[in-house]
Amino acid sequence: MTQTAKALAVHLFTAIGAICAMLAMLAAVEEEWGLMFLWLVVAFVVDGIDGPLARRYEVKRYAAQIDGVLMDLIIDYLTYVFIPAYALFKSGLLPGWTGWIAIIVITYASALYFADTRMKSKDNSFAGFPGCWNMVVIVLFATTPNFWVTLGLVVALAVAMFAPLKFIHPARTVRWRPLSLPIAVAWTFFAGWSAWVEFAAGSWAHWGLTATSVYLLFAGIAQQIIPERKTA
């Protein structure tokens with residue numbers, strides 16, 4: 001297989017995320033939340049794999065006719081923002097006016113953030129909360145907190161998108177990567193299992209999902225607080 005064919009194959013793999021988005025949306029319309037999140041987890045896995053593949057096979061050099069970054073952003077907005085926001089609104093976790101505030105804040109702030117050319121920091125972390133609403137909403141489905149807590153969390157994270165806070169990319173942020181990457185893999189497992197059992201009350205996966213989410217949410221901020229040791 002030529003380098004061009006390999007690079008094109010990576011783009012074709014990335015585009016699978018669009019199919020996952022459609023299948024997740026169809027499940028969401030039928031209020032089959034477990035199935036919806038299963039498709040979003042599959043899309044999350046695809047998104048986690050296609051980046052390293054794109055760099056490995058140099059898609060910008062050998063398949064430049066397709067803008068992989070643009071395609072990735074389009075799919076990410078659907079799977080990370082649009083569909084989770086819809087699910088949060090329709091599920092009843094935020095009743096009445098609180099649901100309207102949530103979907104407006106999530107979609108509007110995320111559109112601005114995704115178009116911001118400064119979203120990545122020098123160490124390949126995210127500058128501001130990276131709009132991973134799929135990860136937030138699945139935890140809310142699993143834990144079902146009071147709607148005031150849910151609304152407060154949504155607003156706080158929307159503000160954090162534009163705050164001088166760092167959020168790690170588990171695969172690309174080098175600092176703590178030996179810990180961050182396994183935790184991200186564990187999060188994916190816990191998320192998939194929670195969705196598979198349709199968020200059954202008391203599931204052990206909920207605890208793992210919550211614990212790994214806390215780490216992924218605050219690891220970057222902790223790195224800002226804790227100075228990095230300089231090697232000789």
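Look above for the structure.
All figures in this text were calculated on a predicted structure; none of them were measured in a lab.

A.B. asks: Hey, could you run me through the packing of helix α5 (residues 68-91) against helix α6 (residues 97-114) in this one?
C.D. replies: Think of two packed helices as two axes; the pair is described by the angle between the axes and how far apart they sit. For the pair α5 and α6, the least separation of the axes is 9 Å and the interaxial angle reads 170 degrees. As the angle between them shows, α5 and α6 are arranged roughly antiparallel. Contacts from Leu73, Asp76, Tyr77, Val81, Ala85, Leu88 and Phe89 of α5 reach α6 at Gly99, Trp100, Ala102, Ile103, Ile106, Thr107, Ser110, Ala111 and Phe114.

A.B. asks: What is the right way to read the nonpolar core from this model?
C.D. replies: Among soluble globular proteins, nonpolar side chains are generally buried collectively. Judged by nonpolar contacts, the single largest core of 59 residues is most densely connected at Met36, Phe37, Leu88, Phe129 and Trp133. Mapped by element, the contributors of at least two residues to this core are α2 (16-29), α3 (33-56), α5, α6, α7 (133-143), α8 (147-160), α9 (177-196) and α10 (204-225). What Phe37 contacts, discounting residues up to four positions off in sequence, is Asn134, Val137, Ile138, Phe141, Ala195 and Phe199. In this structure, Val10, Ala54, Val59 and Ala63 belong to the second largest nonpolar core, which totals five residues.

A.B. asks: Help me understand α7, please; the structure alone is not making it clear to me.
C.D. replies: Of all 11 residues that make up α7, 10 are buried, and the element is covered over most of its length. Residues of α7 that are buried include every one of Trp133, Asn134, Met135, Val136, Val137, Ile138, Val139, Leu140, Phe141 and Ala142, and no others. Contacts from the buried residues of α7 go to α3, α5, α6, α8, α9 and α10. Residue Thr144 follows α7 closely and has a positive phi angle near 40 degrees.

A.B. asks: In this structure, what is going on with the pattern of salt bridges? I would like to understand it.
C.D. replies: A pair can form between side chains of opposite charge whenever their charged atoms are brought close. Counted according to the given criterion, the structure contains three salt bridges. A salt bridge links Lys166 to Asp123, with the nearest nitrogen and oxygen atoms 2.9 Å apart. Remark: Asp123 occurs in the loop between α6 and β1 (126-127) and Lys166 occurs in strand β2 (residues 166-167); sequence separation between them is 43 residues. Exposure remark for Lys166: the relative accessible area of 14% places this residue in the buried category. Residue class for Asp123 comes out partly exposed when judged on its relative accessible area of 28%.

A.B. asks: Can you walk me through the side chain of Asn134 in this structure?
C.D. replies: Positionally, Asn134 belongs in helix α7. Residue Asn134 is classed as buried on the basis of its relative accessible area of 5%. In contact with Asn134, other than residues within four places in its own chain, are Phe37, Phe44, Thr79, Tyr80 and Pro84.

A.B. asks: Quick question: what am I supposed to make of a negative patch on the surface here?
C.D. replies: Where like charges cluster on the molecular surface, the negative patch consists of Glu30, Glu31, Glu32 and Glu198. Within the secondary structure, Glu30 is located in the loop between α2 and α3.

A.B. asks: How do you make sense of the packing of α2 against α5 when you look at a structure like this?
C.D. replies: Packing of α2 against α5 brings their axes to within 9 Å, and their N-to-C directions diverge by 10 degrees. Classed by the angle they form, the pair α2 and α5 counts as roughly parallel. Contacts between α2 and α5 involve Gly17, Ala18, Ala21, Ala24, Met25, Ala28 and Val29 from the former and Ile75, Leu78, Thr79, Ile83 and Tyr86 from the latter. Here the contact of α2 with α5 is composed, by residue class, of 10 nonpolar, two polar and no charged.

A.B. asks: I tried to follow the environment of Ile66 on my own but got confused; where do I start?
C.D. replies: Its location among the elements puts Ile66 in the loop between α4 (59-62) and α5. Sequence separation between Ile66 and Val159 is 93 residues, and the spatial gap between their C-alpha atoms is 33 Å. For Ile66, the residues in contact, after removing those within four places along its chain, are Leu8, His11 and Met71.

A.B. asks: Is there a simple way to explain the side chain of Ser213 in this structure?
C.D. replies: On the secondary structure map, Ser213 appears in helix α10. Engagement of the side chain of Ser213 in a polar contact is seen with the backbone oxygen of Leu209, the distance being 2.7 Å. In contact with Ser213, not counting residues within four places along its chain, are Val139 and Trp187.

Rules of the game
Residues numbered from 1 in each chain as written. Predicted model: local features only at pLDDT ≥ 70, side-chain atom pairs only at ≥ 80, totals over all residues. Heavy atoms only, no water. Axes fitted to C-alpha atoms, helices over the stretch in contact; angles between N-to-C directions. Helix = DSSP H or I, 4+ residues; strand = E, 2+ residues; numbered from the N terminus. Parallel < 35°, antiparallel > 145°, perpendicular 65-115°, else oblique. Contact = heavy atoms within 4.5 Å. Core = buried A, V, L, I, M, F, W, Y, C linked by side-chain atoms within 4.5 Å. Buried < 20%, exposed > 50% of the residue type's maximum accessible area, 1.4 Å probe, protein only. Salt bridge = Lys/Arg side-chain N within 4 Å of Asp/Glu carboxyl O. Patch = residues over 30% accessible without salt bridge, like charges linked within 9 Å, V, L, I, M, F, W, Y side chains within 5 Å. Areas by Shrake-Rupley, 256 points an atom, 1.4 Å probe, with all protein chains shown as cover. Lys, Arg positive; Asp, Glu negative; His and termini not counted. Charge placed at Lys NZ, Arg CZ, Asp CG, Glu CD. Nonpolar A, V, L, I, M, F, W, Y, C, P; charged D, E, K, R; others polar. Polar contact = N/O pair within 3.5 Å; in protein donor to acceptor, adjacent residues only side chain to side chain.

Read these as geometric descriptors, not functional statements.
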